[in-house]
Amino acid sequence: MAEPTQPGTAAGHARPAAPCPICGRPAEAKHRPFCSVRCADADLGRWLTGQYRVPGPPVDPEDEGGRLDPEEGMG
Ligand SMILES: [Zn+2]
């Protein structure tokens, strides 16, 4: 039988670092709360692309119909 060894058990203080909100990897102090500048940019990109939407009134699906041709019926 081979005993499973646990590497890195003598690392002093092992405080639980907050995981990166983007990829879930341990965040780096240099890029907190993200693990890297790339994830920081990714988070910013979400805002820019509108993935983070502010809570607003629900849009009726029927309202989307007939809005593309405002000139129709005006002639
Ligand atoms: Zn990350």
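Residues numbered from 1 in each chain as written. Predicted model: local features only at pLDDT ≥ 70, side-chain atom pairs only at ≥ 80, totals over all residues.

Draft legend 1. A look at the nonpolar core. Counting residues in each nonpolar core, the largest one holds 5 residues, listed as Cys20, Ala27, Phe34, Cys35 and Cys39. If we ignore the near neighbours within four places in the chain, the residues touching Phe34 are Cys20, Ile22, Ala27, Cys39, Ala40 and Asp43. (Core = buried A, V, L, I, M, F, W, Y, C linked by C-beta atoms within 7 Å. Buried ≥ 20, exposed ≤ 12 C-beta atoms within 10 Å, placed from the backbone. Contact = placed C-beta atoms within 7 Å.)

Draft legend 2. Seen up close, the environment of His31. The residue His31 is located in the segment before α1 (37–49) in this model. Residues His31 and Cys20, spaced 11 residues apart in sequence, show a C-alpha to C-alpha distance of 9.5 Å. His31 has contacts with Ser36, Val37 and Ala40, leaving out every residue within four places of it along the chain. (Helix = DSSP H or I, 4+ residues; strand = E, 2+ residues; numbered from the N terminus.)

Draft legend 3. Main features of α1. Helix length check: α1, at 13 residues, gives a terminal C-alpha distance of 18 Å against a target of 18 Å (1.5 Å per residue), a fit within 8%. Gly50 sits one or two residues past α1 and shows a positive phi near 85°. (Expected span 1.5 Å × (residues − 1).)

Draft legend 4. Local environment of the environment of Ala18. Within the element layout of this structure, Ala18 appears in the segment before α1. Judged by local crowding, Ala18 falls into the exposed class, with 12 C-beta atoms found within 10 Å. Spatially, the C-alpha atoms of Ala18 and Arg32 are 8.7 Å apart, while their sequence positions differ by 14 residues. Once you skip the residues sitting within four places of it in the chain, Ala18 turns out to touch Ala27 and Pro33.

Draft legend 5. Unusual backbone geometry, seen in detail. Residue Arg32 is joined to Pro33 through a cis peptide bond whose omega torsion reads 0°. Structurally, Pro33 can be placed in the segment before α1.

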